[in-house]
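Topology and contacts: notes
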Amino acid sequence: MGIGKQQISTTVSIVMGSLTGLLMNARRRSEFGLLVVGAIVVLFGYILLSIAISGKLPSRTPIFFAGAVVAIVAIQVVNRRFVPDADPILLPVALLLNGLGYIMISRLDPHAAGQQLGWTVIGLGIYALVIARIRRVTDLERFRYILLLLAMFLLISPLLPVVGENINGARLWVHFHSLEFQPIEVAKILLVIFFASYFIEKRELLTIPTRRVGNHLFPDLRAFSPIAVAAALSLVIILGEHDVGFSLLLFVVFLSMLWVTTGRWTHLAIGLVLFALGTFIASHLLGQVHERFAVWLNPWKTESSTGYQPVMGLLAFGRGGIAGTGLGLGNPTSIPYNTSDFIFAGFGEELGLFGVTSIVVAYMLICASGMRIALRARSEFAKLCAIGLVATIGFQAFFIMAGVVRLVPLSGVTLPFVSYGGSSLVANYALIGLLMRISDEANRPDEDQFDAPEWLITEGDTVIGTTGR
Amino acid sequence: MDRRIRIMLVALVACFIVLFVQLNNLQVRQASSLDNSQYQPPAQGVINPNALPRGDIVTSDGKIIAESGPIQAGDSYGPKRIYPYGSLYTDITGYFDVVDTNSTGLENEYNAYLVKHQATAHSLSGLLTEQSGTGTVATTINSKLQEVAAAALAPYSNGSVVAIDPATGAILAMYGKPTFDPNLLAQHSQKAVLKYFNSLNPSSSSSPLVNAPVGRTYNPGSTFKVVTTAGIFDHDPSIETQIFPQQTSLKIPQTPQLLHNFGGERCGGALAEILAASCDTAYAKIGLELGANALVSEAGNFGFNRTPPIDLPSYEVATPCFPPLESNPYAASACYPKSVVLANPVIPIGPGNQPFVAYSAIGQGNVTESALQDALIAATIGDGGVMMTPHLMSAIVNSQGQVVSIYKPTPYLTSTSQGTADSVRNLMLGVAAGGTASGLFPPSLNVAAKTGTAETGLSGCSSTWLIATAPAGPTQTPKIAVAAVVPAAAGIGCSETGAAVAGPIVAKIIDAYLLPSAATHG
């Protein structure tokens, strides 16, 4: 009796209004469609694999189906709540790659597949945490030195005596109890954020030539110090942790960001010279680097020893041909590290040129979406941050895929979202979360700007300062 | 900044396009050469055909001598291969080692039929429905004879027996020692298989892994006189009527050494007498009169210096050797890759290689052959001069019970004429009736036989042989030809003759085959 008709109809109209509001959001609606399409592709792959291997439908089909429904609903709820205006393509594509990777891992190593599924759930949780906790891009800028310190700590943590661990000749792992973790995957994101904010702050110093050498003007030498620092850092990673892949990746990302900030080709040239020098030194100091070059030039010569893995990878691509052998019908178990570094070769065999092209296109979609986010971003920092994050994921995917097909020397990084590996998966979902945050902020309808807190004084797109609160 | 962001995107997309081009290069342009590369790892597809049940191998009287056991859950090697009779049929079936994908014998030769394979469609509906199954290989082996052969060889550590149907070349029994248990090489533990394999001294020439009846060769000794005798009719019939002098030894040109008869016996006389007595001095003289060319030609017609085309993996089958007497008998050849000289004492060479000719005519020197080859010679005499292709498979039946393949007997060599073969057969009847093989066979069976006692140079010890074919009466068609060899070895009296050691072995087999009642009594 306490509730009158008036109240009920008001409540109903409020609920209906908010529902239509949600349904009216075109970006989230397309995201929903893409998620459903992706889930159908993965579910079909999963069923086909099981039929190919055992001739039966997978026993867990209903659970798998229910899991997909729950995941899609949860993602939609979280995205509509925290990033309603963010890009609709990024997350569905990342999930599709994750799903395809899961199918291949479950075909090669069922035990690892279970773990990968767990890491996917954790990764999505971290993604939700990132978009829920980081409400504004500028939040990142504020903590840049803390982030740098954290990144440095993560970078050297594998060298610490108790937690560090050597796996396959590279010291890139830390482990707590049974949990293994590759800290560099997280450090790469923190470094991108730091570089972005540092470069924006020192932009003029890095760009404007002040020093005269002969007839040419060069920017202040001090401006080059970050390049030197980054080169040194890369060298430390190579020498200390024997990780060629990530040091290359960090350096390339760093150079890209520096170039986008300053537009100076000299920076790029000097960086490349430094890198070539570093590689030359490393290949003389480190057998591993030298060996990778030799194997890259001719893997067939050492087919039975150091060239075995790349040769097995190339042969798998040959077996696959254009259409592939079909999921579960190839021989990818012959490739060493077929769930991590060489998972791309497994796809080459079982899904053929069609399948691997789809994967390449998926990464191109991620890159293009990321660049669109960068173009639309409201602050220079956000732009640079987006560029750095996209370059990280794009170049990492390119390096390992190109390494497997012998286009470049093998670098030994994971294929983002596809390879088996918890730290890689979690870090890349966090990365997507950051891009979504930047995208959401960029696409937010203009009236939102009036909601900006009074302590934040903005001029156009660029944050020029804050007042105390 | 936005311009540079666009350039960055173009750079990344360019990277991916280069990647796409390389993928096309690998998966389209180079696809077939990579796919057919010698480095391709062995297929580990969903189905390992070796781990599926294999077809059976059966004897001609229906006994299963190789079969697949029940499927054990969790055993990735599939059902175990079982040889119910242990080592009895090792020389025929060989073994199938699924762990290392190794096989020998019929397991290897007819693997394509024994493994689960796509059946040939016999009808339109067969084209539309997938039909796959295993084949059963039926052999020519008579289980009764095989058991008799093994029992007869039981007292000896070395030796071989081969029994053939002269008219078809079908192998009726084939057993050799030393041998091994194929079950132990078909175990599903790599460690256990390797342990047993190594215990068989795989690298030694005396390893039990050698298929003795077809793979071990010895000097044939006097059994070779059958070929020399055929040479008389084919090359110089005038010798047939000669009366040879009674001698204990023969002076051979070009060497100071004298060729002695076995045990210093004195022998001579007409051809029938000298074959019955296995007179070495007379046969050495025949050899010298026939000459190198005739002997080499006759030996070649009887299959020497070529590998018998039996349906076993060719590496298991030894080539019977006869030295190139026309040129340099010591010259390395396919048969004597290292110019091995088995002759004892060392035989000097000269124009016409007379000492070599003399020793070769009595199956000494560098003449070597397997039990299979000597059985083929006996069978050829029994079959009117035609050597039939020896074979172990008689038919292959698919899982639907249809005969997929049936063996059609084919001639291997026309060794000599019907007339020569019949003449030699008549002379060999005399060997069993009143010669060195007398008393071994029931006279009613009309056995044509020849003994052999080859000096090996092993402190005067001999390899003992006996070849026979029966029934060999003038109007009869021989049904079986047998060769048995027991090489010189510790435990056999060194003065034993072919008749004393190999004779009873052959006799037991012929009795068992031709006198069914004898077999039932054991």
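Residues numbered from 1 in each chain as written. Chains lettered and ligands numbered in written order. Predicted model: local features only at pLDDT ≥ 70, side-chain atom pairs only at ≥ 80, totals over all residues. Heavy atoms only, no water.

A word on the overall build of chain A. Helix and strand counts for chain A come out as 18 helices and 7 strands. Every one of the 469 residues in chain A was classed for burial, and the buried ones make up 53%. In chain A, once contacts between residues fewer than 6 apart in sequence are set aside, the share between residues at least 24 apart is 70%. Here chain A has roughly 20900 Å² of accessible surface; of this, 68% comes from carbon and sulfur atoms. (Helix = DSSP H or I, 4+ residues; strand = E, 2+ residues; numbered from the N terminus. Buried < 20%, exposed > 50% of the residue type's maximum accessible area, 1.4 Å probe, protein only. Contact = heavy atoms within 4.5 Å. Areas by Shrake-Rupley, 256 points an atom, 1.4 Å probe, with all protein chains shown as cover.)

Before going further, it helps to examine the state of the cysteines. Applying the stated rule across the entire model yields 1 disulfide over all chains. Note on cysteine connectivity: Cys267 of chain B is disulfide-linked to Cys279 of chain B, with sulfurs 2.0 Å apart. Judged by the torsion about the S-S bond (80°), the Cys267 of chain B/Cys279 of chain B disulfide is right-handed. Taken together, the residues Cys267 of chain B in strand β14 (residues 267-269) and Cys279 of chain B in the loop between α12 (271-276) and α13 (280-301) connect sequence positions 12 residues apart. With relative accessibility at 7%, the residue Cys267 of chain B sits in the buried group. Looking at Cys279 of chain B, the relative accessible area reads 0%, which means it is buried. Unpaired in terms of disulfides, Cys15 of chain B finds its nearest cysteine sulfur in Cys367 of chain A, a separation of 9.3 Å. (Disulfide = S-S within 2.5 Å.)

With that out of the way, let us pick up the layout of surface pockets. Rolled over the atoms, a probe with the dimensions of a water molecule shows which regions are left empty. Residues and elements named next belong to chain A. Put simply, the second largest pocket is a space of about 790 Å³. Together, 30 residues line the second largest pocket, and Gly67, Ala68, Ala71, Leu95 and Thr120 are the ones closest to its centre. Among the elements of the structure, α2 (26-54), α3 (61-82), α4 (90-108) and α5 (110-133) are those that each provide at least two residues to the lining of the second largest pocket. Of all the elements, α3 adds the most residues to the lining of the second largest pocket, at 10 residues. A class-by-class count of the residues in the lining of the second largest pocket yields 24 nonpolar, 5 polar and 1 charged. (1 Å grid on protein atoms, 1.4 Å probe; cavity = no way out; pocket = protein on both sides within 12 Å on 5 of 7 lines; lining within 4 Å. Points joined across faces, edges and corners; volume = space filled by probe spheres on them. Nonpolar A, V, L, I, M, F, W, Y, C, P; charged D, E, K, R; others polar.)

Contact with chain B, which involves 32 residues of that partner, is made by 55 residues of chain A. Across the chain B to chain A interface the summed buried area is about 3800 Å²; carbon plus sulfur atoms make up 77%. On the chain B side of the interface with chain A, the three residues burying the most area are Met1, Phe16 and Gln27 of chain B, jointly 20% of the side's total. For the pair chain B and chain A, the interface holds 1 salt bridge. Here Asp2 of chain B makes a salt bridge to Lys383 of chain A, at a shortest N to O gap of 2.9 Å. Summed over the shared surface of chain B and chain A, the number is 11 residue pairs in polar contact (both at pLDDT 80 or more). At the level of secondary structure, the elements contributing two or more residues to the side of chain B that touches chain A comprise α1 (2-29) and α2 (31-35) of chain B. It is α1 of chain B that contributes the most residues to the side of chain B that touches chain A, 20 residues altogether. (Buried area = accessible area lost by both parts, 1.4 Å probe. Salt bridge = Lys/Arg side-chain N within 4 Å of Asp/Glu carboxyl O. Polar contact = N/O pair within 3.5 Å; in protein donor to acceptor, adjacent residues only side chain to side chain.)

Looking now at unusual backbone geometry. Pro178 of chain B follows Lys177 of chain B through a cis peptide bond whose omega is 0°. Counting through the fold element by element, Pro178 of chain B comes out in the loop between β10 (171-177) and α8 (182-185). Across the junction of Ala470 of chain B and Pro471 of chain B, the peptide omega takes the value -10°, indicating a cis bond. When you line up the elements, Pro471 of chain B lands in the loop between β20 (461-470) and β21 (480-486). In this structure, Phe417 of chain A is a non-glycine residue whose phi angle is positive, near 70°. Following the sequence through the fold, Phe417 of chain A ends up in the loop between α17 (380-404) and α18 (422-443). Positive phi, normally seen in glycine, also occurs at Asn201 of chain B, with a value near 45°. By relative accessible area, which is 46% here, Asn201 of chain B ends up partly exposed.

Moving on: the side chain of Asp85 of chain A. Residue and element names in this part refer to chain A. By the element assignment, Asp85 lies in the loop between α3 and α4. Note on Asp85: relative accessible area 14%, which makes it buried. Ignoring anything within four residues of it in the chain, the contact list for Asp85 reads Asn25, Arg27, Arg28, Ser439, Asp440, Asn443, Arg444 and Pro445.

Our focus in this paragraph is the nonpolar core. Ranked by size, the top nonpolar core spans 135 residues in total, and within it Phe344, Tyr363 and Met401 of chain A carry the most contacts. Sort the elements by how many residues they give to this core and α17 of chain A lands first, with 18 residues. Setting aside anything within four residues of it in sequence, one finds Tyr363 of chain A in contact with Leu97, Ala397, Met401, Leu415, Pro416 and Val418 of chain A together with Phe16 of chain B. Formed by 130 residues, the second largest nonpolar core is a distinct cluster that contains Ala150, Ile171, Ala379 and Ile510 of chain B. (Core = buried A, V, L, I, M, F, W, Y, C linked by side-chain atoms within 4.5 Å.)

Residues and elements named next belong to chain A. Relative orientation of the contacting elements α3 and α5 amounts to 15°, with a least axis distance of 10 Å. When the axis of α3 is compared with that of α5, the two are roughly parallel. Where α3 crosses over α5, the handedness of that crossing is left-handed. From α3, Ile75, Val78, Asn79 and Phe82 reach across to α5, where they touch Leu124, Tyr127, Ala128, Ile131 and Ala132. Taken together, the residues of the contact of α3 with α5 break down into 8 nonpolar, 1 polar and no charged. (Axes fitted to C-alpha atoms, helices over the stretch in contact; angles between N-to-C directions. Parallel < 35°, antiparallel > 145°, perpendicular 65-115°, else oblique. Left-handed = near helix turned anticlockwise from the far one by under 90°.)

Take the side chain of Arg28 of chain A next. All names here are of chain A. Inspection of the secondary structure assignment puts Arg28 in helix α2. With relative accessibility at 0%, the residue Arg28 sits in the buried group. A polar contact of 3.3 Å, which involves the side chain of Arg28, links it to the backbone oxygen of Asp87. In this view, Arg28 contacts Gln76, Asn79, Arg80, Val83, Pro84, Asp85, Ala86, Asp87, Pro88 and Met436; residues no more than four positions away in its chain are not counted.

All names here are of chain B. Taken in spatial order, the 6 strands make up an open sheet running β3-β2-β1-β8-β16-β17, and their pairing is mixed. Looking at strand neighbours, the two that pair on one side only are β3 (81-82) and β17 (403-406), the edges of this open sheet. One ladder, built from 2 bridges, connects strand β2 (residues 64-68) with β3; its direction is antiparallel. Counted as the bridge partner of Glu67 is Ile82 from β3. (Pairing = 2+ DSSP bridges.)

This paragraph deals with the pattern of salt bridges. All names here are of chain A. A full pass over the atoms with the stated rule returns 17 salt bridges over all chains. Where Glu350 meets Arg107, a salt bridge forms, and the shortest distance between an N and an O atom there is 2.7 Å. Note that Glu350 is positioned in helix α15 (residues 343-350) and Arg107 in helix α4, a separation of 243 residues in sequence. Assessed through its relative accessible area of 1%, Glu350 is described here as buried.

Residue and element names in this part refer to chain A. Axis separation between α5 and α18 bottoms out at 8 Å; the angle between their running directions is 30°. Between α5 and α18, the interaxial angle falls into the category roughly parallel. Of the two possible hands of crossing, α5 and α18 adopt the one that is right-handed. Across the interface between the two elements, Gln116, Trp119, Thr120, Ile122, Gly123, Leu124, Ile126, Tyr127, Val130 and Ile131 of α5 pack against Gly422, Leu425, Val426, Tyr429, Ala430, Ile432, Gly433, Leu434, Met436 and Arg437 of α18. Residues of the contact of α5 with α18, tallied by class, amount to 14 nonpolar, 5 polar and 1 charged.

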